[in-house]
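Residue strings, one per chain:
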Amino acid sequence: MGYALQWIRSLLFSIQMYVMMFLMSLYFTPLAVLDRKWAYAGVRTYCRYVRWSAAWMIGLKSEIRGEVPQDEVLVAAKHQSFFDIIMLVSVLPKPKFIMKAILRYAPILGWYGMRIGCVPVNRGKRSEAIKSMMKAVKDGDAPAGQLIIYPQGMRVAWDGYLPYKIGINVLYRETGQTVVPVSANVGVFWPRRGVYRKPGLAVMEFLDPIEPGRSTEAFMQDLETRVEAESIALMRDAGYDPVPGIQAAKATGKTRR
C-alpha cells in the first residue's frame, strides 16, 4: 500500500511540475525576450518551485552543500537525473549547459536553454564532438557565467559507471578556467526513467575547485576520484551502497543509464 500511494503522489507531482512550467513560461517569456535577466529569473524561480513542491508532495527534500560559485567557472557535475539539473539551476546565478543539440527543439526547455546561453552539441565521433563543443563555446554570445558539463557525457544510474570523457579536460585547458567538481546522490531518489520518486534527502555538494594549470592526467584523475568518492559517500549516507553495481559495471563494461 505504501508503494502504491507514493507512486500516485509521484504521478501527481510530475503532472503539476509540467503544468507549472507552462504557466510560469506565460509570465516570464515576454519579459525574457526583452531582457536575458528575466530568462535567468524564470528558470531559477521554476527550479526553486520544483524543489519546494517535491519536499511536501513526495517527501523528497533537497540540500546544496559547499560554496556555490559566483564567477565564470566550469562546473563538472555528477549527472544522475533531471533533478540534479533542477538543483544546480536553482542556486547558480548564471548557469548554462553543454547540451544535446536536439534539446534546442524541446518545448519551453529548448528556448530557455538557448536564451541563457546553453551550448548545443551534436553527438558523434569523439574528436568531432570535441571540436564542435569548443567552437560552440567560443562562438557563444552568452554573458559570463557557470558552464556546466557532465564529464561522463550522460545520465548514469546511481549504481552504474561510465569513464570520464576527455571533453572536460579540453574545456579546462582551452578556457583556462577553474573547474568546480560537484558530487550528488540524487539518482537514488529520482531515477532517469519511470514515475516513482522516493522520499529522502537529495544532496548536491560543490567541492573544492581545481585551479588551472594541471596536466591532463593529473586533472582527469583528480576530478573523477573526488566526484566519484564524494558521490558514493553521499549515497551511503542516504542508505544506499552503489559500490557493488559500480564494480559490476566496470567488470562487464556495461552500465544502466
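This text follows the structure it describes.
Rules of the game
Residues numbered from 1 in each chain as written. Predicted model: local features only at pLDDT ≥ 70, side-chain atom pairs only at ≥ 80, totals over all residues. Heavy atoms only, no water. Buried < 20%, exposed > 50% of the residue type's maximum accessible area, 1.4 Å probe, protein only. Helix = DSSP H or I, 4+ residues; strand = E, 2+ residues; numbered from the N terminus. Pairing = 2+ DSSP bridges. Right-handed = clockwise from strand over helix to strand, strands pointing away. Phe/Tyr/Trp six-rings, centres within 6.5 Å; stacked < 30°, edge-to-face > 60°. Lys NZ or Arg CZ within 6 Å of the ring centre and 35° of its normal. Patch = residues over 30% accessible without salt bridge, like charges linked within 9 Å, V, L, I, M, F, W, Y side chains within 5 Å. Areas by Shrake-Rupley, 256 points an atom, 1.4 Å probe, with all protein chains shown as cover. Salt bridge = Lys/Arg side-chain N within 4 Å of Asp/Glu carboxyl O. Expected span 1.5 Å × (residues − 1). Contact = heavy atoms within 4.5 Å. 1 Å grid on protein atoms, 1.4 Å probe; cavity = no way out; pocket = protein on both sides within 12 Å on 5 of 7 lines; lining within 4 Å. Points joined across faces, edges and corners; volume = space filled by probe spheres on them. Nonpolar A, V, L, I, M, F, W, Y, C, P; charged D, E, K, R; others polar. Arc of directions from axis to C-beta.

### Details of the pairing of strand β3 (residues 95-100)
Here is step 1: Counting buried residues along β3, 5 of its 6 residues qualify, which places the element largely inside the surrounding structure.
Here is step 2: By the bridge criterion, 3 bridges tie β3 to strand β5 (residues 146-149) in an arrangement that is parallel. Across the sheet, Phe-97 pairs through a bridge with Ile-148, a residue of β5.
Here is step 3: Note that β3 and strand β4 (residues 119-121) share 3 bridges and pair parallel. Pairing of Ile-98 across the sheet is with Val-119, part of β4.
Here is step 4: The handedness of the β3 to β4 crossover, carried by helix α4 (residues 109-115), is right-handed.

### Quick look at the packing of aromatic side chains
Here is step 1: Evaluation of the coordinates by the stated rule reveals 11 aromatic pairs.
Here is step 2: Judged by centre distance (4.5 Å) and plane angle (20°), the rings of Tyr-3 and Tyr-196 are stacked. Here Tyr-3 is found in helix α1 (residues 2-34), whereas its partner Tyr-196 is found in the loop between β6 (179-184) and β7 (200-206), with 193 residues between them in sequence.
Here is step 3: Since its relative accessible area comes to 53%, Tyr-3 is described here as exposed.
Here is step 4: Taking the relative accessible area as the measure of exposure, Tyr-196 reaches 21% and is therefore partly exposed.
Here is step 5: Aromatic pair Phe-83 and Trp-190: ring centres 4.8 Å apart, planes at 5°, arrangement stacked. Taken as a pair, Phe-83 in helix α3 (residues 82-91) and Trp-190 in the loop between β6 and β7 lie far apart in primary sequence, 107 residues in all.
Here is step 6: The ring of Tyr-161 has Lys-250 lying over it, and the distance from NZ or CZ to the ring centre is 4.7 Å.

### Things to note about the environment of Val-121
Here is step 1: Within the fold, Val-121 resides in strand β4.
Here is step 2: Distance in space between the C-alpha atoms of Val-121 and Ile-98 is 6.9 Å, their sequence separation being 23 residues.

### Here's the deal with a nonpolar patch on the surface
Here is step 1: Together, Tyr-3, Trp-7, Ile-8, Leu-11, Leu-12, Ile-15, Val-19, Phe-22, Leu-23 and Leu-26 give the surface a local cluster of nonpolar side chains, amounting to about 950 Å² of exposed area.
Here is step 2: Tracing the backbone through its elements, the reader meets Ile-15 in helix α1.

### Description of helix α7 (residues 216-237)
Here is step 1: With 22 residues, α7 should cover 32 Å at 1.5 Å per step; its first-to-last C-alpha distance of 32 Å lies within 8% of that length.
Here is step 2: Three or more residues of α7 are buried, namely Phe-219, Met-220, Asp-222, Leu-223, Arg-226, Val-227, Glu-228, Ser-231, Ile-232, Leu-234 and Met-235.
Here is step 3: Against the buried residues of α7 lie β1 (60-65), β2 (73-77), α6 (167-175), β6, β7 and α8 (243-252).
Here is step 4: In the stretch just after α7, Gly-239 is the one whose phi turns positive, near 95°.

### Quick look at empty space enclosed by the protein
Here is step 1: In total, this model carries 1 cavity of 30 Å³ or more according to the counting rule given.
Here is step 2: Size it by volume and the largest cavity reaches roughly 40 Å³.
Here is step 3: Taken together, Ala-77, Lys-78, His-79, Tyr-150, Pro-151, Gln-152, Met-154, Tyr-164 and Val-227 form the lining of the largest cavity.
Here is step 4: Grouping the amino acids of the lining of the largest cavity by side-chain chemistry returns 6 nonpolar, 2 polar and 1 charged.

### Here's the deal with α8
Here is step 1: Those residues of α8 that sit buried are Val-243, Ile-246 and Ala-249. Mapping the buried residues of α8 onto a view down its axis gives an arc of 125°, with all of them on the same face. Turned more than 90 degrees away from the buried face of α8 sit Pro-244, Gln-247, Ala-251 and Thr-252, all of them exposed.
Here is step 2: The first or second residue beyond α8 is Gly-253, which carries a positive phi of 80°.

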